[in-house]
Amino acid sequence: MAPRAVILVLDASGSMKKNMHFLQEAASTFVHKLEEVDQALVVQFNDSVKGSVEFTNDMDRLDQFVEALQAWGGTSL
């Protein structure tokens, strides 16, 4: 199978406050299903857009970014 490059775009706006733990769990589960040759980038949006900096296959780093998400603000997307 060819390596994949995946971008996860996650809503971290205030409207997600009650459901943020579901979003984080789903994103983490998805990231851990990727193969070692795959890379991912996680992007969050609310009042602004913020990415996990670069594509990586370091799943722990991606997990840390996902776990740090906090719901606040509006939706700029």
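Located above this text is the structure these notes cover.
Residues numbered from 1 in each chain as written. Predicted model: local features only at pLDDT ≥ 70, side-chain atom pairs only at ≥ 80, totals over all residues. Heavy atoms only, no water.

1. Side note on the sheet that holds strand β2 (residues 39-45)
Within a sheet, neighbouring strands are paired by backbone hydrogen bonds and run either parallel or antiparallel to one another. Strands sit in the order β1-β2-β3 across an open sheet of 3 strands; the sheet is mixed. Two strands in the sheet have a free side with no partner beyond their single neighbour: β1 (5-11) and β3 (49-51). Ignoring which end each strand starts from, the neighbouring axes of this sheet average 20 degrees apart. For β1 and β2, the ladder comprises 7 bridges, and the chain directions are parallel. The residue bridging Val9 from the neighbouring strand is Val43, located in β2. Against the sheet, helix α2 (residues 59-67) makes contact with β1, β2 and β3, and its axis sits at roughly 10 degrees relative to β2, the strand it touches most. (Pairing = 2+ DSSP bridges. Helix = DSSP H or I, 4+ residues; strand = E, 2+ residues; numbered from the N terminus. Axes fitted to C-alpha atoms, helices over the stretch in contact; angles between N-to-C directions. Contact = heavy atoms within 4.5 Å.)

2. Some thoughts on helix α1 (residues 20-32)
For α1, spanning 13 residues, the distance from its first C-alpha to its last is 18 Å, which sits close to the expected 18 Å at 1.5 Å a residue. For α1, the complete set of buried residues consists of Met20, Leu23, Gln24, Ala27, Ser28 and Val31. Angularly, the buried residues of α1 cover 125 degrees about the axis, an arc narrow enough to put them on a single face. Turned more than 90 degrees away from the buried face of α1 sit Phe22 and Glu25, all of them exposed. In the core, the buried residues of α1 are packed alongside β1 and α2. (Expected span 1.5 Å × (residues − 1). Buried < 20%, exposed > 50% of the residue type's maximum accessible area, 1.4 Å probe, protein only. Arc of directions from axis to C-beta.)

3. Considerations on the nonpolar core
With 18 residues, the main nonpolar core has Leu10, Met20, Leu23, Val42, Leu62 and Leu69 as its most contacted residues. Taken together, the elements giving at least two residues each to this core come down to β1, α1, β2 and α2. (Core = buried A, V, L, I, M, F, W, Y, C linked by side-chain atoms within 4.5 Å.)

4. Some points on the packing of α1 against α2
At their nearest, the axes of α1 and α2 sit 10 Å apart, and the two run at 170 degrees to each other. When the axis of α1 is compared with that of α2, the two are roughly antiparallel. Contacts between α1 and α2 involve Gln24, Ala27, Ser28, Val31 and His32 from the first element and Met59, Leu62, Asp63, Val66 and Glu67 from the second. Along the lines of polarity and charge, the residues of the contact of α1 with α2 split into 5 nonpolar, 3 polar and 2 charged. (Parallel < 35°, antiparallel > 145°, perpendicular 65-115°, else oblique. Nonpolar A, V, L, I, M, F, W, Y, C, P; charged D, E, K, R; others polar.)

5. Points about the pattern of salt bridges
Counted according to the given criterion, the structure contains 2 salt bridges. As a salt-bridge pair, Asp38 and Arg4 come within 2.8 Å of each other at their nearest N and O atoms. Of this pair, Asp38 sits in the loop between α1 and β2 while Arg4 sits in the segment before β1, and the two are 34 residues apart along the sequence. Residue class for Asp38 comes out buried when judged on its relative accessible area of 1%. Across the salt bridge formed by Glu54 and Arg61, the nearest N and O atoms sit 3.4 Å from each other. Taking relative accessible area as the criterion, Arg61 reaches 32% and is therefore assigned partly exposed. (Salt bridge = Lys/Arg side-chain N within 4 Å of Asp/Glu carboxyl O.)

Keep in mind these numbers describe shape, not what the thing actually does.
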